[in-house]
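Letter by letter, the chains look like this.
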Amino acid sequence: MKVNRYLMPGLVIAILLGSVIVAQATGQWIVSGRERIDVTNLTSSADVRGWMTLQQVADGFGIDQTELYRVMGIPADIPPETALKDIEKILPDFEVSEARDALAAYLEGQAEASEPQEMEEQPTDAPSLSEGDEQAGTAVTPTPAEPVEAEHIPQGDGSGTGPTPVPEGEVLAGSDIKGRHTLREISDQAKVPLPDLLETLGLPADTDPGTAMKDLIQSEAVPDIETVRAAVTALQSR
């Protein structure tokens, strides 16, 4: 019996395609990082990504839209279907990483508020009565202690500009990069060569090293801050 020479290759292709279809139907076939996160049930601020919309974040955490806008410092006129990474282009002072931190603090406060507060019994230092006071039945009123004023120690120089420099001897992690960091600051603090950083980000070699990440994102020279973090992390791992 002669077997068609195209029969076996065709069967192999059909089996492979069938496996892919079944895997997609059962949720086992993942082709995008977005599918690894269930936006309908977000459990941590670390799950928030730049491609998510405000509505997805609000629904994922079960937070009222007005409350989410307040927590993230977003004006009410921005539509809820706007992606977080696009807000960085609209609001100069908005960063997805800082919005994620603000959301983490809010969720932590909500969790603490929902936990039952245990009342600790405090010992009562009742004043002792002298024999004369006991006989006279006179109550002794304790003298209140004078409040101690805490000494105020100023922190920093109060300028409030630019990212916080890393301590001496430490290296800036890719995940800690902010939109205010410049190319030069990232190169120096993250210990990655500036030419390699420019090449990885797809930027011209003559790009001004003093350009901040948020300006590159706003001009669409770089997609978002997550792209910068991933590029620096990859360079650091070489």
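Residues numbered from 1 in each chain as written. Predicted model: local features only at pLDDT ≥ 70, side-chain atom pairs only at ≥ 80, totals over all residues. Heavy atoms only, no water.

**Student:** Teacher, can you tell me more about the overall build of the protein chain here?
**Tutor:** Each helix and strand in the protein chain was counted, giving ten helices and zero strands. Counted from the first residue to the last, the protein chain has its helices and strands arranged as α-α-α-α-α-α-α-α-α-α. Considering the protein chain as a whole, with its 238 residues, one finds that 28% of them fall into the buried category. Counting only contacts in the protein chain whose residues sit at least 6 apart along the sequence, the fraction spanning at least 24 positions is 54%. Accessible surface computed for the protein chain: about 16,600 Å², of which carbon and sulfur atoms make up 53%. (Helix = DSSP H or I, 4+ residues; strand = E, 2+ residues; numbered from the N terminus. Buried < 20%, exposed > 50% of the residue type's maximum accessible area, 1.4 Å probe, protein only. Contact = heavy atoms within 4.5 Å. Areas by Shrake-Rupley, 256 points an atom, 1.4 Å probe, with all protein chains shown as cover.)

**Student:** Looking at this model, I keep getting lost on the environment of Arg180. Mind explaining?
**Tutor:** Mapped onto the elements of the fold, Arg180 is located in the loop between helix H6 (131–136) and helix H7 (183–189). When its relative accessible area of 33% is taken as the criterion, Arg180 is described as partly exposed. Each C-alpha atom of the pair Arg180 and Pro92 lies 9.8 Å from the other, and the pair is 88 residues apart in sequence.

**Student:** Mind showing me how you'd approach the packing of helix H3 (residues 65–72) against helix H5 (residues 96–114) here?
**Tutor:** Relative placement of two packed helices is described by the angle separating their axes and the distance separating the axes. Between H3 and H5, the shortest axis-to-axis distance is 8 Å and the interhelical angle comes to 120°. One way to sum up the angle between H3 and H5 is to call them oblique. Here H3 and H5 pass one another in a crossing that is right-handed. From H3, Glu67, Leu68, Arg70, Val71 and Met72 reach across to H5, where they touch Ala99, Ala102, Leu103 and Tyr106. (Axes fitted to C-alpha atoms, helices over the stretch in contact; angles between N-to-C directions. Parallel < 35°, antiparallel > 145°, perpendicular 65-115°, else oblique. Left-handed = near helix turned anticlockwise from the far one by under 90°.)

**Student:** Please clarify how the pattern of salt bridges should be interpreted in this entry.
**Tutor:** Once the charged atoms of two side chains with opposite charge are near each other, the side chains can pair. On inspection of all chains with the given rule, the structure shows seven salt bridges. Taking the shortest distance from any N to any O, the salt bridge between Asp86 and Lys89 comes out at 3.9 Å. With Asp86 and Lys89 both in helix H4 (residues 84–90) and three residues apart, this pair spans about one turn of that helix. The salt bridge partner of Glu226 is Arg229, with a shortest N-O separation of 3.1 Å. (Salt bridge = Lys/Arg side-chain N within 4 Å of Asp/Glu carboxyl O.)

**Student:** Sorry, what's going on with the side chain of Arg100 here?
**Tutor:** Mapped onto the secondary structure, Arg100 falls in helix H5. The class of Arg100 is buried, set by a relative accessible area of 13%. One polar contact links the side chain of Arg100 to the main-chain carbonyl oxygen of Val48, over a distance of 3.0 Å. If we skip the residues at most four places from it in the chain, Arg100 touches Ser45, Ala46, Val48, Arg49, Glu226 and Arg229. (Polar contact = N/O pair within 3.5 Å; in protein donor to acceptor, adjacent residues only side chain to side chain.)

**Student:** When you look at H3 in this model, what are you seeing that I'm missing?
**Tutor:** Three- or four-residue spacings in an α-helix give side chains the same orientation, since the helix completes a turn every 3.6 residues. Residues of H3 that are buried include every one of Leu68, Tyr69, Val71 and Met72, and no others. The buried residues of H3 occupy an angular sector of 165° when projected down its axis, which confines them to one face. What points out from H3, more than 90 degrees from its buried face, is the exposed set Thr66 and Arg70. Summarising the contacts, the buried residues of H3 are in contact with helix H2 (54–61), H4 and H5. If you check the start of H3, you find a side-chain oxygen 3.0 Å away from the backbone N of Thr66, and it comes from Asp64. (Arc of directions from axis to C-beta.)

**Student:** For this particular structure, what's the right way to read the nonpolar core?
**Tutor:** One broad trend across soluble globular proteins is that nonpolar side chains are buried collectively. Ranked by internal contacts, the top residues of the largest apolar core, which has 24 residues, are Val57, Met72, Leu84 and Leu103. Going through the elements one at a time, H2, H3, H4 and H5 are the ones with two or more residues in this core. Grouped together as the second largest cluster of nonpolar side chains are 20 residues, Leu172, Leu198, Leu203 and Ile225 included. (Core = buried A, V, L, I, M, F, W, Y, C linked by side-chain atoms within 4.5 Å.)

**Student:** What exactly am I supposed to notice about unusual backbone geometry here?
**Tutor:** The residue Lys191 is not glycine, and still its phi comes out positive at about 60°. Here Lys191 is to be found in the loop between H7 and helix H8 (194–200). Relative accessible area serves as the criterion here: at 57%, Lys191 is assigned to the exposed category. One non-glycine residue, Glu220, adopts positive backbone phi at about 65°. On the secondary structure map, Glu220 appears in the loop between helix H9 (213–218) and helix H10 (225–236). Exposure remark for Glu220: the relative accessible area of 60% places this residue in the exposed category.

**Student:** So what exactly am I meant to see when it comes to the confidence of the model for the protein chain here?
**Tutor:** The predicted coordinates of low-pLDDT regions are not to be read in fine detail. Chain-level statistics for the protein chain give a pLDDT mean of 76 and a share of 66% at 70 or above. Mean pLDDT across the secondary structure elements of the protein chain bottoms out at H6, with 50, and peaks at H8, with 93. In the predicted structure, residues 27–33 sits below a pLDDT of 50 and forms seven contacts with residues beyond four places in sequence or in another chain. (pLDDT = per-residue confidence, 0-100.)

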